Amino acid sequence: PPISSKEIPDLEEGVWYFHIQLKNSYGWGDISHFRVGIDTSPPDPFTIQVDNGDDSTNPQPILKFKASDALSGVDHYEIKIGEIHNLKVLANEVENGYYKIPICPPSKHLVIIRAVDKAGNYSLAIADLEIAPIEEPMIISYPKQLYPAEPLIIKGKSLPDSLITVFIEDERKEIISDSTRSNEDGKWEFVLGKILERGIYRVSAQTTDHRGAKSNLSEKVKIIISPPVFLKIGSVVIDYLSVIITLFALIILMALVWLYGWKR
């Protein structure tokens, strides 16, 4: 009798063709053909090679890999680079098995690539990726102590024509960051665009070149923001400690006078 569905169990993996033909009172109609692929196998095993162009500081090396799947074909790749990047890349974006990754910071990164076929099966490949840092900047000149409301000015030296990011960490581990650029001789000067509150700060710097390659942080220097120990009135400079001692003595004297008067 005429049917609207047909279940065919336990088909083996591979490509199958279904042919359907309708017969009515006028006879047989045309035959329709349908292709169905059954794929339960993952793509073939593959490997990853890292090509940094013989430059260990290259922040965007090329990954060489290519998976194949005979039945349904590779649909896309899922690429995980350490904790930095999680990417989904279509198979046709991996031209000739080459893929240039986004910029990565200097460190050792574990690269995991999952090749996924059109049936959802996948296979994995793993490789180590190590990116070396470029030369660190040096902080040459900085104030060891500043008064409140005074600007913070730091000078240093680094690679020429590079971006210098300065990090300022307070006692609560909160970080302020801003940047400047080095000149063709590698010299740079940084002026903080805000006033720091009183406290102890630790300052470091990092270089980024035109490729996006980064250095490690420079050695930290300590800066103390505190009020001056002297009070200036006109042309007279008075030691704060002297003022405090004098006020304390006056308070004691007034207390003694009051006590004497009260006893009288």
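The rules behind each value
- Residues numbered from 1 in each chain as written.
- Predicted model: local features only at pLDDT ≥ 70, side-chain atom pairs only at ≥ 80, totals over all residues.
- Heavy atoms only, no water.
- Helix = DSSP H or I, 4+ residues; strand = E, 2+ residues; numbered from the N terminus.
- Rg over C-alpha atoms; globule rule 2.2 N^0.38 Å.
- Buried < 20%, exposed > 50% of the residue type's maximum accessible area, 1.4 Å probe, protein only.
- Contact = heavy atoms within 4.5 Å.
- Areas by Shrake-Rupley, 256 points an atom, 1.4 Å probe, with all protein chains shown as cover.
- Pairing = 2+ DSSP bridges.
- Axes fitted to C-alpha atoms, helices over the stretch in contact; angles between N-to-C directions.
- Patch = residues over 30% accessible without salt bridge, like charges linked within 9 Å, V, L, I, M, F, W, Y side chains within 5 Å.
- Salt bridge = Lys/Arg side-chain N within 4 Å of Asp/Glu carboxyl O.
- Phe/Tyr/Trp six-rings, centres within 6.5 Å; stacked < 30°, edge-to-face > 60°.

## Regarding the overall build of the protein chain
Part 1 of the argument: Helix and strand counts for the protein chain come out as one helix and 19 strands.
Part 2 of the argument: For 264 residues, the compact-globule formula gives about 18 Å, and the C-alpha radius of gyration of the protein chain, at 36 Å, lies well above that figure.
Part 3 of the argument: The principal-axis extent of the C-alpha atoms belonging to the protein chain is close to 135 × 60 × 30 Å.
Part 4 of the argument: Of all 264 residues assigned to the protein chain, the portion counted as buried reaches 30%.
Part 5 of the argument: Considering only residue pairs separated by 6 or more positions, the protein chain has 55% of its internal contacts joining residues 24 or more positions apart.
Part 6 of the argument: For the protein chain, the computed accessible surface area is about 18,200 Å², with 55% contributed by carbon and sulfur atoms.

## Topic: the pairing of strand 5 (residues 74-81)
Part 1 of the argument: Relative to strand 8 (residues 107-117), strand 5 runs antiparallel, the two sharing seven bridges. Directly across from isoleucine 79, in strand 8, lies its bridge partner isoleucine 113.
Part 2 of the argument: Where strand 5 and strand 6 (residues 85-90) come together, six bridges link them in antiparallel fashion. Counted as the bridge partner of glutamate 78 is lysine 88 from strand 6.
Part 3 of the argument: Counted between consecutive antiparallel strands, the loop separating strand 5 from strand 6 contains three residues, among which glycine 82 sits at a positive phi close to 50 degrees.

## Some remarks on the sheet that holds strand 15 (residues 187-191)
Through backbone hydrogen bonds, the strands of a sheet pair up, either in parallel or in antiparallel fashion.
Part 1 of the argument: Ordered by their spatial adjacency, three strands build an open sheet running 10-12-15, and the pairing between neighbours is antiparallel. Every other strand in the sheet has two partners, leaving strand 10 (138-141) and strand 15 as the edge strands with one partner each. Neighbouring strand axes in the sheet, compared pairwise and without regard to direction, differ in orientation by 35 degrees on average.
Part 2 of the argument: Pairing geometry for strand 12 (residues 153-157) and strand 15, over five bridges, is antiparallel. Looking at strand 15, one finds that isoleucine 154 is bridged to phenylalanine 190.

## A word on a nonpolar patch on the surface
Part 1 of the argument: Taken together, the side chains of Leu247, Leu250, Leu253 and Val257 make up a nonpolar region of the molecular surface, amounting to roughly 370 Å² of accessible area.
Part 2 of the argument: As for its placement among the helices and strands, valine 257 is situated in helix 1 (residues 240-263).

## Considerations on the pattern of salt bridges
Part 1 of the argument: Evaluated as defined, the whole model comprises ten salt bridges.
Part 2 of the argument: For the salt bridge of lysine 64 with aspartate 51, the shortest nitrogen-to-oxygen distance reads 3.7 Å. Taken together, the positions of lysine 64 in strand 4 (residues 62-64) and aspartate 51 in strand 3 (residues 49-51) put the pair 13 residues apart, joining distant regions of the chain.
Part 3 of the argument: Overall, aspartate 51 belongs to the partly exposed group, its relative accessible area being 29%.
Part 4 of the argument: Here the salt bridges do not stand alone but share partners, grouping Asp55, Asp209 and Arg211 into one network.

## Here's the deal with the packing of aromatic side chains
Part 1 of the argument: Taken as a whole, this structure holds four aromatic pairs when the rule is applied.
Part 2 of the argument: Ring geometry for phenylalanine 46 and tyrosine 77: centres 6.5 Å apart, planes at 70 degrees, overall edge-to-face. Placement of the pair is phenylalanine 46 in the loop between strand 2 (27-38) and strand 3 and tyrosine 77 in strand 5, with a sequence separation of 31 residues.
Part 3 of the argument: Residue phenylalanine 46 is classed as buried on the basis of its relative accessible area, which comes to 10%.
Part 4 of the argument: Taken together, a centroid distance of 5.0 Å and an interplanar angle of 80 degrees make the contact between phenylalanine 65 and tyrosine 77 edge-to-face.

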